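Spelled out, the chains give:
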Amino acid sequence: MAPRLIAEFKNAHPAATFQTEFKGTGYGVAALIGGLSDIAAASRTFTVNEQELARARNVQCNDYVIGFYSIAIVVNAGNSIGNLTRDQVRDIFTGVIQN
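Before going into details, it helps to say that this report is about the structure given with it. Every value quoted in this text rests on a predicted model; they were computed, and no experiment measured them.

Regarding the overall build of the protein chain
The number of helices and strands found in the protein chain is four helices and zero strands. From first element to last, N terminus to C terminus, the protein chain shows the α and β order α-α-α-α. The C-alpha radius of gyration of the protein chain comes to 17 Å, more than 25% above the 13 Å expected for a compact globule of 99 residues. The buried share of the protein chain, taken over its 99 residues, is 13%. Summing over all exposed atoms, the protein chain offers an accessible surface of approximately 8900 Å²; the carbon and sulfur share of this is 53%. Of note, the protein chain has its 8 positive side-chain charges centred 3 Å away from the centre of its 8 negative side-chain charges.

So, the environment of A16
Looking at the element boundaries, A16 is found in the loop between α1 (2–12) and α2 (25–33). Judged by its relative accessible area of 18%, A16 is buried. Taking the C-alpha atoms as reference points, A16 and I6, ten residues apart in sequence, are found 9.2 Å from one another. Ignoring anything within four residues of it in the chain, the contact list for A16 reads F9 and K10.

Some remarks on a nonpolar patch on the surface
A surface patch of nonpolar side chains, amounting to about 1100 Å² of accessible area, comprises V48, Y69, I71, I73, V75, I81, L84, I92, F93, V96 and I97. Tracing the backbone shows L84 in the loop between α3 (48–56) and α4 (86–94). Taking relative accessible area as the criterion, L84 reaches 43% and is therefore assigned partly exposed.

Description of the pattern of salt bridges
Within this structure, the stated rule accounts for four salt bridges. Between D87 and R90 there is a salt bridge, with its nearest N and O atoms 3.1 Å apart. Separated by three residues within a single helix, D87 and R90 lie in helix α4, roughly one turn from each other. A salt bridge links D91 to R90, with the nearest nitrogen and oxygen atoms 3.0 Å apart. The buried category is assigned to D91, whose relative accessible area is 16%. On the basis of relative accessible area, R90 is assigned to the partly exposed category, the value being 43%.

Describing the packing of α2 against α3
Where α2 contacts α3, the axes come no closer than 10 Å and their chain directions differ by 15°. Considering their axes alone, α2 and α3 lie roughly parallel with respect to each other. In the packing of α2 onto α3, the handedness of the crossing is right-handed. Packed against α2, whose contacting residues are G26, V29 and I33, the element α3 presents E50, L53 and A54 at the interface. Across the contact of α2 with α3, the residue classes tally to four nonpolar, one polar and one charged.

Rules behind the numbers
Here the residue index of a chain counts from 1 through its sequence in written order. Side-chain atom pairs in this predicted model are given and counted only at pLDDT of 80 or more, local residue features only at pLDDT of at least 70, and totals for whole chains, interfaces and linings cover all residues. To get the side-chain values, all heavy atoms of the structure are used, and hydrogens and water are removed first. For helices the rule is a DSSP run of H or I covering at least 4 residues; for strands it is a run of E covering at least 2, with both sets numbered from the N terminus onward. In this setup the radius of gyration rests on C-alpha atoms only. A globule is expected at 2.2 Å times the number of residues raised to 0.38. Any residue under 20% of the maximum accessible area for its type is buried, any over 50% is exposed, and the rest in between are partly exposed; the area is computed with a 1.4 Å probe on protein chains only. Only the protein chains shown count as cover for residues, and the accessible areas themselves come from Shrake-Rupley with a 1.4 Å probe. Neither His nor the chain ends is counted toward charge; the positive residues are Lys and Arg and the negative residues Asp and Glu. Taken as the charge location is NZ of Lys, CZ of Arg, CG of Asp or CD of Glu. Residue contacts follow a heavy-atom distance rule, with two residues in contact if any of their heavy atoms lie within 4.5 Å. Only residues above 30% relative accessible area that lack a salt bridge enter a patch, with like-charged residues linked at up to 9 Å and the nonpolar side chains Val, Leu, Ile, Met, Phe, Trp and Tyr linked at up to 5 Å. Just to be clear on terms, a salt bridge is a Lys or Arg side-chain nitrogen sitting within 4 Å of an Asp or Glu carboxyl oxygen. Simply put, an axis is a line fit to the C-alpha atoms, just over the touching stretch for a helix, and the angle between two N-to-C directions goes from 0 to 180 degrees. Angle categories: roughly parallel below 35 degrees, roughly antiparallel above 145, roughly perpendicular from 65 to 115, and oblique for all the rest. Helix crossings are classified by the rotation of the near helix relative to the far one: an anticlockwise turn of less than a right angle makes the crossing left-handed, while a clockwise turn makes it right-handed. Nonpolar residues are Ala, Val, Leu, Ile, Met, Phe, Trp, Tyr, Cys and Pro. Charged residues are Asp, Glu, Lys and Arg, and all others, Gly as well, are polar.

Spelled out as structure tokens, the structure:
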């Protein structure tokens, strides 16, 4: 999606320059916090650690959702866990819950 968004933006702002790298959310967030990037795409919200690091470096980031996708969590029928909330599943996959 990034190449199309860039092309549309450049139609209205031909002097704008972009350098794109497709390395994942963690890389983009680190580039924002480290002052190496002005914008980054992300497939998740900031982790607690990323939020704390941004605050410590006096970096304020705003998020704008322009699209989303769904994930199906498939669990083995023999798994003893049978009831997780959406927030618990998110926390497992973002590393907040580690056990």
